[in-house]
Structures are given as structure tokens and as C-alpha cells.
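What follows is the residue order along each chain.
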Amino acid sequence: MNQITRFAPSPTGFLHVGNLRTAILNYLEAKRTGGTFILRLDDTDRKILSELQIDAGQSLDEIAKKVFSSKTPVWNRIKKMKDYGIIGDTVSILNADKLGFEACFFVMIRTSEHDLEWQENFLQALKDRPQVQEAHRLAGDIDYILKVRVKNARAYDEFYQALISEVEVHNVTALLSMEEIKSTVQLPLGDINFAGIR
């Protein structure tokens, strides 16, 4: 079947699909479900995502060779997954130790404040600080946990003092990571049912 480009409804506006048959099936499915687009991915898409997780700097030719496809279909598949929001921004992962950021702290925060204004101020304080690599709101006794990367203990204390001067917190406990055993941003794609992703 000749490869063409068609469009079907998606949550983000429009979504490229690979051929006419797929476009028709996607359109009918979107119409049947009231406009909810169901993206259907196959094993080749899974392999492409796996390769991108390993090294997003690979050329299309390199990826195509590894997934037993050719350059243009691989480009179309990647474009489709970017349009749908499955593939986000491409970044380079820097070596923190070689750049001098040798201390990683996990900071557990308890707060007695839960009103909207406090939450907005707290979240803004975290966004304004590049030392905070991750921030999670938790269920249980701890309200928030932060992953903070700094050069050393003194740099962490400066971060801590600046944070508590800006927002009021009830209790802060910092744990220093002695050794990073595993760190990855790769998702376990084998656990996903690719038959229909909304």
C-alpha cells in the first residue's frame, strides 16, 4: 500500500499516521469513542522507543537498522509518537560527579500548612531552584520528598537556609546518599500493553 499522510483527531489537535488504512481505522475508532483517540503501537514502535531511551542521539539510519526497518517509516513512527506526547524533549544527561556535584540529598518535608497559597509558594520555590532534580508529594507521614543535587554539605545548607526563609515548613529531614547504585530514566516498556494507549 502506498505510504501517505492523513490526520485523525487527537487530544493535542492532529496526529500523523502512517497509511490510509490506519488513518481510516483511527478515524472510525475516534468517532466511535466520541472523539477519544486511541493510539495503537506495535512491537516496532516498542523497539524504536527502547533505542531512543538508550541513545536518542542515534541517527535514523542507525535506529532503522536495529529495528529492521528503513529510515522513512522510522521517522514517521517517531513523528507520530512525538505528536501524541509519548516522546518528549531530547536532552543530554550530564555527569554530575565530573562537574563537581558530588552530594545528593533526599529531603523529606513535613508541613502543617495545606492551604492553596502555601502550596503555590512552595511549588514556586522548588521550581526556582535548579538544585531540586525531583519533587514528589507523598501519601503517609511525609508530605514531600525532594532529590537535591549540590556540590557538598555546605552547598546543601545554603540551599536549605534559603528554602526555609522563603516558605514555612514544620519539619525537614535530609538524608545523604552514600552511593548511587542505580539511576535511570528508562521506562520498563515490556510492562506496557501497546494495543491501545489513550
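To start, this report covers the structure provided alongside it. (Residues numbered from 1 in each chain as written. Predicted model: local features only at pLDDT ≥ 70, side-chain atom pairs only at ≥ 80, totals over all residues. Heavy atoms only, no water.)

### Some remarks on the side chain of Lys80
Thought 1: With respect to the helices, strands and loops of the structure, Lys80 is situated in helix H4 (residues 71-84).
Thought 2: Classification of Lys80 as buried rests on a relative accessible area of 12%. (Helix = DSSP H or I, 4+ residues; strand = E, 2+ residues; numbered from the N terminus. Buried < 20%, exposed > 50% of the residue type's maximum accessible area, 1.4 Å probe, protein only.)

### Brief notes about the sheet that holds strand E4 (residues 132-137)
Thought 1: Read across the sheet, 4 strands follow the order E4-E5-E3-E6 without closing on themselves; strand pairing throughout is antiparallel. Two strands lie at the open edges of the sheet, namely E4 and strand E6 (171-176), each paired on one side alone. Each strand axis lies, on average, 20° off the axis of its neighbour in the sheet, ignoring direction.
Thought 2: As paired strands, E4 and strand E5 (residues 144-150) are joined by 5 bridges and run antiparallel to one another. If you follow His136 over to E5, its bridge partner there is Ile145. (Pairing = 2+ DSSP bridges. Axes fitted to C-alpha atoms, helices over the stretch in contact; angles between N-to-C directions.)

### Here's the deal with the environment of Thr44
Thought 1: Tracing the backbone through its elements, the reader meets Thr44 in helix H2 (residues 43-54).
Thought 2: In the structure, Thr44 is positioned 30 residues away from Val74 in sequence and 8.9 Å away in space, judged by C-alpha atoms.
Thought 3: Look past the residues within four positions of Thr44 in its chain and what remains in contact with it is Val67 and Arg77. (Contact = heavy atoms within 4.5 Å.)

### Section: the nonpolar core
Thought 1: Ranked by internal contacts, the top residues of the largest apolar core, which has 18 residues, are Ile109 and Val148.
Thought 2: Elements that contribute at least two residues to this core include exactly strand E3 (103-110), helix H5 (116-127), E5 and helix H6 (153-166).
Thought 3: When neighbours within four sequence positions are excluded, Val148 is seen to be in contact with Ala103, Cys104, Phe105, Val107, Gln131, Val132, Tyr156 and Phe159.
Thought 4: Within the second largest apolar cluster, 14 residues are counted, among which are Ile48, Leu52, Val67 and Leu189. (Core = buried A, V, L, I, M, F, W, Y, C linked by side-chain atoms within 4.5 Å.)

### Quick word on the pattern of salt bridges
Thought 1: Taken as a whole and judged by the stated rule, the model has 9 salt bridges.
Thought 2: A salt bridge links Arg77 to Asp42; its shortest N-O distance comes to 2.8 Å. With a gap of 35 residues between them, Arg77 in helix H4 and Asp42 in the loop between helix H1 (20-32) and H2 connect regions that are remote in the sequence.
Thought 3: Judged by relative accessible area, Asp42 falls into the partly exposed class, the value being 34%.
Thought 4: Salt bridges linked by common partners bring Asp42, Asp45, Arg77 and Lys80 together as one network. (Salt bridge = Lys/Arg side-chain N within 4 Å of Asp/Glu carboxyl O.)

### Examining H6
Thought 1: Its 14 residues give H6 an end-to-end C-alpha distance of 20 Å, which sits within 8% of 20 Å, the value for a rise of 1.5 Å per residue.
Thought 2: Among the residues making up H6, those that are buried are Tyr156, Phe159 and Leu163. Down the axis of H6, the buried set is contained in an arc of 60°. They therefore lie on one face. Those residues of H6 that are exposed and aimed more than 90 degrees away from the buried face are Arg154, Glu158 and Ser165.
Thought 3: The inward-facing, buried residues of H6 abut E3, H5, E4, E5 and E6. (Expected span 1.5 Å × (residues − 1). Arc of directions from axis to C-beta.)

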